[in-house]
Amino acid sequence: MQQVFAEFWANLKQKSSGSKLLRHTDYKLPNRIRYSKSMVFISIAEDNTSALIGEVNRFQLNIVHADSWFEVVQKHDENERIGLLWEFADPQLELSVGRPYSLRNHFIFTAVHLLHQSNKLKMPDWKDELPSDDKINYKHLDQFGLNWTSFKNFKEKIDQLNNKEFQEATHNFRHRLQHRFRTHFDFGLAPFIDRIKTDGGITYAFKMIPPLELQALIPELYKQHEVALEVFHAYWSLVNEL
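What counts and what doesn't
- Residues numbered from 1 in each chain as written.
- Predicted model: local features only at pLDDT ≥ 70, side-chain atom pairs only at ≥ 80, totals over all residues.
- Heavy atoms only, no water.
- Helix = DSSP H or I, 4+ residues; strand = E, 2+ residues; numbered from the N terminus.
- Buried < 20%, exposed > 50% of the residue type's maximum accessible area, 1.4 Å probe, protein only.
- Contact = heavy atoms within 4.5 Å.
- Arc of directions from axis to C-beta.
- Patch = residues over 30% accessible without salt bridge, like charges linked within 9 Å, V, L, I, M, F, W, Y side chains within 5 Å.
- Areas by Shrake-Rupley, 256 points an atom, 1.4 Å probe, with all protein chains shown as cover.
- Salt bridge = Lys/Arg side-chain N within 4 Å of Asp/Glu carboxyl O.
- Polar contact = N/O pair within 3.5 Å; in protein donor to acceptor, adjacent residues only side chain to side chain.
- pLDDT = per-residue confidence, 0-100.
- Pairing = 2+ DSSP bridges.
- Core = buried A, V, L, I, M, F, W, Y, C linked by side-chain atoms within 4.5 Å.

A. Quick look at the overall build of the chain. The helix and strand tally for the chain stands at eight helices and two strands. Mapped from its N terminus to its C terminus, the chain presents α and β elements in the order α-α-α-α-α-α-α-β-β-α. With the principal axes as the frame, the chain shows a C-alpha extent of 65 × 60 × 25 Å. In the chain, which comprises 242 residues, the share counted as buried stands at 43%. Pairs at least 24 residues apart make up 75% of the contacts formed inside the chain by residues separated by at least 6 positions.

Structure follows, in structure tokens:
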């Protein structure tokens, strides 16, 4: 086992050398007189931006850890490989596959709140139409953001995070994990019964979902992390315009 961990740490060191971690010190609000008119804006911008940086960085760390373990287990026989994947790679993969969805919602939530605060200062006919926090979602972006130049780019970028292609590539893993039963990584079929309503009545089909092949999944996760970085930079440009 000591040799296994030594190989993991060697992989992790090599893969981390080209990491693209965001640094908190690079993203500080500019000094603007109008910010003094809204302490709520300042608080949300500072606190949520710091949280977003942490989540985007954590996304990369989860992927790199999973990738490093995946390379290690390839050198072992099937029984050992299954055990090592389940214990060490699986938790990182589960977090990674769900991260684009959660990040997308974090960005939407923060952007809607900041746009709402800035619209209050910009629009003479402004009305407080912000829904409660638990009701804020994607549809509110256009409602609050269309008057800002940087908004279009931010919206285009966020549309690529947890997009349809990624959901299909992961067999909609995040949704199945949270609402039904999860699929597996690299080994094991996921059986389920599909209830189908037809003109002739109700039928039940017994189906299987194949495991997600890590050779294909991990590159998809790296792509989504690149998208997350693009979303963050588009978000920061928007913040600097507000």
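Next, the rest of the story.
B. Spotlight on the side chain of Thr49. You can see Thr49 is positioned in helix α2 (residues 39-73). Given the relative accessible area of 3%, Thr49 is considered buried.

C. Main features of helix α5 (residues 151-158). Those residues of α5 not exposed but buried are Phe151, Phe154, Lys155 and Ile158. The buried side chains of α5 occupy one side of the element, clustering within an arc of 100 degrees when seen end-on. Packing partners of the buried residues in α5 comprise α3 (78-122), α4 (140-145) and α8 (214-241).

D. A nonpolar patch on the surface, seen in detail. Residues Ile193, Ile202, Tyr204 and Phe206 make up a contiguous nonpolar surface patch of about 470 Å² in total accessible area. Here Ile202 lies in strand β2 (residues 201-209).

E. Structural context of the side chain of His113. Take His113: it is sitting in helix α3. On the basis of relative accessibility, which here comes to 12%, the residue His113 falls in the buried class. Of the polar contacts made by the side chain of His113, one reaches the side chain of Asp133; its length is 2.8 Å. When sequence neighbours within four positions are dropped, the list of residues in contact with His113 reads Ile44, Leu130, Asp133 and Ile136.

F. Seen up close, the confidence of the model for the chain. Summarising the model, the chain shows a mean pLDDT of 91, and 98% of its residues fall at 70 or more. At the level of individual helices and strands, the chain shows its lowest average pLDDT in helix α7 (residues 173-179), which scores 85, and its highest in α5, which scores 97.

G. Spatial organisation of the pairing of strand β1 (residues 190-198). In this structure, β1 lies alongside β2, joined through nine bridges in antiparallel fashion. The partner of Pro191 across the bridge, within β2, is Met208. Counting the residues that bridge the hairpin from β1 to β2 gives two residues.

H. Spatial organisation of the environment of Lys28. Examined against the element boundaries, Lys28 turns out to sit in the loop between α1 (2-16) and α2. Measuring from C-alpha to C-alpha, the distance between Lys28 and His233 comes to 13 Å, with 205 residues separating the pair along the chain.

I. Spotlight on the nonpolar core. If you look at the biggest cluster of nonpolar residues, it comprises 61 residues, and the most contacted ones within it are Leu93, Phe107, Phe154, Phe232 and Tyr235. For this core, the secondary-structure elements that each account for two or more residues are α1, α2, α3, α4, α5 and α8. If you tally residues by element for this core, the top one is α2, at 15 residues. If we skip the residues at most four places from it in the chain, Tyr235 touches Ala45, Thr49, Leu52, Phe107, Thr110, Leu114 and Phe154.

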